[in-house]
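# Structural overview for review
Listed below are the residues making up each chain.
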Amino acid sequence: MPQRSRSSADASDAFKVAIRVRPLIARERKSGAQMYWSCDTKQIFQLGPDGKQVGAPHFFDRVFDHEETTQDVYDEIAQPILESVMEGYNGTIFAYGQTSSGKTYTMMGDGKTEGIIPYAIDDIFHSIDQHPGREYLIRVSFMEIYNETIADLLAAKDSKAVLQIREDTEGSVYVQNLEEKLVRSKDEVLDWMKKGEKRRHVAGTNMNERSSRSHTIFRVIIESREQGAKDDAVNVSQLNLVDLAGSERVSQTGAEGQRLKESGAINQSLLTLSNVIRKLSECPPEGAYIAYRDSKLT
C-alpha cells in the first residue's frame, strides 16, 4: 500500500507493504482444508501437513493474521495515508493477490463489515469537520479497466464510450472525459460508489462465486484553502483507492471462453504492475526506461 512521498530523505516511508491472511471460507471448511500459513506481526511462513514450518519466513512491514479485522488493517496502514492526503500529498491504497483472497472484501466490505474505502471516506469528512477554518471541494471519479479497455463507471447508463489515456503539456497523465462528481457527504460518495459497482464486470469461477473481472480505481480529489485567503494558494491532492482483479491459474478457476480471455488480460496487467513496482524499487537513474505503457493499469 503506497504512502506519500515527501523527499528522497524519507523515501523508505513512501511505501508500506502489508500482508493479510484471510480465514478459511465455508467451501474450504466443508472440504476439511486446514490453514497452511502462520505469522506474527512482521513475518509469515508456510506450514507443512505436520504443522511444522516449511522453508524460510517472508518479512513485510506488517502481517495481519486471520483473526485481525479490516478496521485493524485500516488503522495501521491506510489511515496514515489518508492523513497525508488531507495535508496535500497524493496517496494510493491497493489490494493485490490471487483471486478469492479477499481483496474486494478488504477494500469494499461485504454489507455487514465496512472496508477500507468506506472507512477512508468517513475519515475525510471527519477531518473536514475538524478544520472549520478551511474551505473544501471534494470530487470523485470511478473507472474500470476491463480487458485493457477503460470505462467510466459513473457515466450515464447508456454510455458505451471507451476512454483514452492522455498526457498534458506538463507530462501529467490523465484519462480523457472521465466524469468527476461533486460530493458533500460520505453518503453521497458511497451512493456513487454503489452505482459504479453495479456496472462492474463480475462472474463466477471455480474459486470464487463473485469474481472481479476488472480492475477499478475510485479516486477522491480534495481541494482546500484557508477561508478568506486573498491569494490563490489551493492545496490539491488525490486519494486513489484501487481494487485489483485477482491473479488466476486457469487450471484452478476452470476459465474458458470469455472468462479465459479475461484471465489473460488480468494476469498480463498484474505482471506489468509487478514489473513496474520492481523497477521503481531499484531506484533507477533519471531517464531509465520503465514499461508504464505495457498496460492501461500502469
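We now turn to the structure provided with this report.

The rules behind these values
Residues numbered from 1 in each chain as written. Predicted model: local features only at pLDDT ≥ 70, side-chain atom pairs only at ≥ 80, totals over all residues. Heavy atoms only, no water. Helix = DSSP H or I, 4+ residues; strand = E, 2+ residues; numbered from the N terminus. Expected span 1.5 Å × (residues − 1). Buried < 20%, exposed > 50% of the residue type's maximum accessible area, 1.4 Å probe, protein only. Pairing = 2+ DSSP bridges. Contact = heavy atoms within 4.5 Å. 1 Å grid on protein atoms, 1.4 Å probe; cavity = no way out; pocket = protein on both sides within 12 Å on 5 of 7 lines; lining within 4 Å. Points joined across faces, edges and corners; volume = space filled by probe spheres on them. Nonpolar A, V, L, I, M, F, W, Y, C, P; charged D, E, K, R; others polar. Axes fitted to C-alpha atoms, helices over the stretch in contact; angles between N-to-C directions.

### Considerations on helix α4 (residues 116-129)
Along its 14 residues, α4 runs 20 Å from first to last C-alpha, staying within 8% of the 20 Å computed at 1.5 Å per residue. With respect to burial, α4 is a largely interior element, 11 of its 14 residues being buried. When α4 is considered as a whole, its buried residues turn out to be I116, I117, P118, Y119, A120, I121, D123, I124, F125, S127 and I128.

### Overview of the pairing of strand β6 (residues 91-95)
Taking burial as the measure, the five residues of β6 include four buried ones, the bulk of the element. Bridge count between β6 and strand β15 (residues 235-243): five bridges; the pairing is parallel. Residue pairing in the sheet places F94 in a bridge with V242 of β15.

### What about the side chain of N147?
Its place among the elements puts N147 in the loop between β7 (134-146) and β8 (149-152). Beyond its immediate chain neighbours, meaning those up to four positions away, N147 contacts Q258, K261, E262 and A265.

### Here's the deal with empty space enclosed by the protein
With a probe scaled to a water molecule rolled over the atoms, the places where space remains empty come into view. Under the defined criterion, the tally for this structure stands at two cavities of 30 Å³ or more. For the largest cavity, the calculated volume is near 40 Å³. If you trace the largest cavity, you find it lined by I145, Y146, N147, E148, R213, S214, H215, A265, I266 and S269. No other element matches helix α7 (residues 258-281), which puts three residues into the lining of the largest cavity. For the lining of the largest cavity, the residue count by class is four nonpolar, four polar and two charged. Quantified by volume, the second largest cavity comes out at close to 30 Å³. In terms of lining, the second largest cavity is formed by V85, M86, E87, G88, Y136, I222, S224, N235 and S237.

### Concerning the sheet that holds strand β4 (residues 53-59)
The three strands lie next to each other as β2-β3-β4, forming an open sheet whose pairing is antiparallel. Looking along the sheet, the strands with just one partner apiece sit at the ends: β2 (37-39) and β4. Across the sheet, the mean angle from the axis of one strand to that of its neighbour is 25°, orientation sign disregarded. Of the strand pairs in this sheet, β2 and strand β3 (residues 43-47) are connected by three bridges, and their pairing is antiparallel. Its bridge partner lying in β3, W37 is registered against Q46.

### Section: the pairing of strand β14 (residues 215-226)
Pairing of β7 with β14, which is carried by 12 bridges, proceeds in the antiparallel orientation. Across the sheet, V140 pairs through a bridge with V220, a residue of β14. Where β14 meets β15, nine bridges bridge the pair, whose relative direction is antiparallel. Across the sheet, E223 pairs through a bridge with V236, a residue of β15.

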